[in-house]
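# Analysis of the macromolecular model
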Amino acid sequence: KQEVTQIPAALSVPEGENLVLNCSFTDSAIYNLQWFRQDPGKGLTSLLLIQSSQREQTSGRLNASLDKSSGRSTLYIAASQPGDSATYLCAVKGTYKYIFGTGTRLKVLA
Amino acid sequence: DAGVTQSPTHLIKTRGQQVTLRCSPKSGHDTVSWYQQALGQGPQFIFQYYEEEERQRGNFPDRFSGHQFPNYSSELNVNALLLGDSALYLCASSFTGVTQKLFFGSGTQLSVL
């Protein structure tokens, strides 16, 4: 049974800091991995998708890496801003469904 | 291009009642998945619909049922509501294929009193 864990559960950093969010999964037989952002009480916004054959994806200040064999992914956020404050979730895709972690709540202090 | 739309945005029901939530997928998408998200938790997979059939189901009781229409829109029905059904219900659409990148709606916040 696939399990997804995200560490840390919460993180508070000063503005401008570079930071890394971690995601681990127990079964390496995945099709892809997606990182999402969620603001309180809202839906999820897709940030990056990494195919199982890829090692990393970049979008602006965000970079996500995937090491399928070790069951790990990281989301790197450069030069954090207060607007980055949100919950970040990773999800791994099996045959049909995505399985989510519980997220990392990020607060960027001005 | 409209994204994934869900209705209603908020709903208050009492125990034992029934509820229907609605979802219209992003244009060009043919697959709809439903997720339940309790406060402080990650979304939990309820089921996925493709070609008007339930393709996969998560660990949810039969009180949770769904439907997909020929225009790919979908409904989630929950019967005999329990207090524990209070949650944010999220609809996600995708185009069937290897990638299946998910796009989410804003969700329906269901409160059961």
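Before going into details, it helps to say that this report is about the structure given with it. (Residues numbered from 1 in each chain as written. Chains lettered and ligands numbered in written order. Predicted model: local features only at pLDDT ≥ 70, side-chain atom pairs only at ≥ 80, totals over all residues. Heavy atoms only, no water.)

## Brief notes about the state of the cysteines
Residues and elements named next belong to chain A. Definition in use: Cysteine sulfurs are considered disulfide-paired once they come within 2.5 Å of each other. Secondary structure elements follow DSSP: runs of H or I of four or more residues count as helices, runs of E of two or more count as strands, with numbering from the N terminus. Only protein chains enter the area calculation, which uses a 1.4 Å probe; residues under 20% of their type maximum are buried, those over 50% are exposed, and those in between are partly exposed.
A full pass over the atoms with the stated rule returns 2 disulfides over all chains. Each disulfide pairs two cysteine sulfurs, and for cysteine 23 the partner residue is cysteine 90, the sulfurs being separated by 2.0 Å. Every disulfide takes its handedness from the sign of the S-S torsion; for cysteine 23 and cysteine 90 that torsion is 75°, giving right-handed. Taken together, the residues cysteine 23 in strand E3 (residues 19-25) and cysteine 90 in strand E9 (residues 86-93) connect sequence positions 67 residues apart. Each of the two residues, cysteine 23 as well as cysteine 90, counts as buried.

## Describing the interface of chain B and chain A
The test is simple: We call two residues contacting when some pair of their heavy atoms lies within 4.5 Å. Pairs of N or O atoms are called polar contacts if they sit within 3.5 Å, as long as, within protein, a hydrogen donor faces a hydrogen acceptor (for residues adjacent in sequence, only side-chain-to-side-chain pairs).
Facing the 20 residues of chain B at the interface are 20 residues of chain A. Here chain B is connected to chain A by 7 residue pairs in polar contact (both at pLDDT 80 or more). Elements with a contribution of two residues or more to the side of chain B that touches chain A: strand E4 (31-37), strand E5 (44-50), strand E6 (53-57) and strand E9 (87-94) of chain B.

## Here's the deal with the layout of surface pockets
In this approach, a probe sized like a water molecule rolls over the atoms, and the result shows the empty space that is left. Definition in use: Every definition here rests on a 1 Å grid over the protein atoms only: cavities are sets of points where a 1.4 Å probe fits but cannot get out, pockets are open sets enclosed by protein on both sides within 12 Å along at least five of seven lines, and lining residues have some atom within 4 Å of a point. Grid points are joined across faces, edges and corners, and a volume is the space filled by probe spheres set on the points. When residues are grouped by polarity, Ala, Val, Leu, Ile, Met, Phe, Trp, Tyr, Cys and Pro land in nonpolar, Asp, Glu, Lys and Arg in charged, and all others, Gly among them, in polar.
Considering only enclosed or pocket space, the largest pocket measures out at about 460 Å³ in volume. Considering the residues around the largest pocket, the lining is formed by 20 residues, among which Gln38 and Thr87 of chain A together with Gln37, Leu39 and Gly40 of chain B are closest to the centre. Every element with two or more residues in the lining of the largest pocket is listed here: E9 of chain A together with E9 of chain B. In terms of residue count, E9 of chain A provides more of the lining of the largest pocket than any other element does, 3 residues in total. Of the residues that constitute the lining of the largest pocket, the class distribution is 8 nonpolar, 10 polar and 2 charged. Put simply, the parts of the chain that give the lining of the second largest pocket at least two residues each are strand E1 (4-7) and strand E10 (98-100) of chain A together with E5 of chain B. Residue contributions to the lining of the second largest pocket peak at 3 residues, all from E10 of chain A. Of the residues belonging to the lining of the second largest pocket, the class tally is 7 nonpolar, 5 polar and 3 charged.

## Examining the sheet that holds strand E1 (residues 5-7) of chain B
All names here are of chain B. Heads up, the condition is: Strand pairing is assigned whenever DSSP identifies at least 2 bridges connecting the two strands. The axes used here are C-alpha line fits, helices contributing only the stretch in contact, and every angle between their N-to-C directions lies in the interval 0 to 180 degrees.
Reading across the sheet, the 4 strands line up as E1-E3-E8-E7 and stay open at both edges, with antiparallel pairing between neighbours. Each of the sheet's edge strands pairs with one partner strand only, and the pair in question is E1 and strand E7 (64-68). The average angle at which neighbouring strand axes cross in this sheet is 15°, direction not considered. Across 5 bridges, E7 lies against strand E8 (residues 74-78) in antiparallel orientation. Across the sheet, glutamine 68 pairs through a bridge with serine 74, a residue of E8.

## Focus on the side chain of serine 73 of chain A
Residues and elements named next belong to chain A. Mapping serine 73 onto the fold places it in strand E8 (residues 72-77). Within the structure, serine 73 has its side chain in polar contact with the side chain of tryptophan 35 (distance 3.0 Å). If we ignore the near neighbours within four places in the chain, the residues touching serine 73 are Leu21, Asn22, Cys23, Phe25, Leu33, Trp35, Ile50, Ser65 and Leu66.

## A closer look at the sheet that holds E1 of chain A
Residues and elements named next belong to chain A. The 5 strands are arranged E1-E3-E8-E7-E6 in an open sheet whose pairing can be described as antiparallel. Of all strands in the sheet, those bounded by a partner on one side alone are E1 and strand E6 (56-59). Averaged over all pairs of adjacent strands, the angle between strand axes in this sheet comes to 15°, irrespective of strand direction. Pairing between strand E7 (residues 62-67) and E8: 6 bridges, direction antiparallel. By the bridge assignment for E8, serine 65 is matched with threonine 74.

Nothing here speaks to function; it is geometry throughout.
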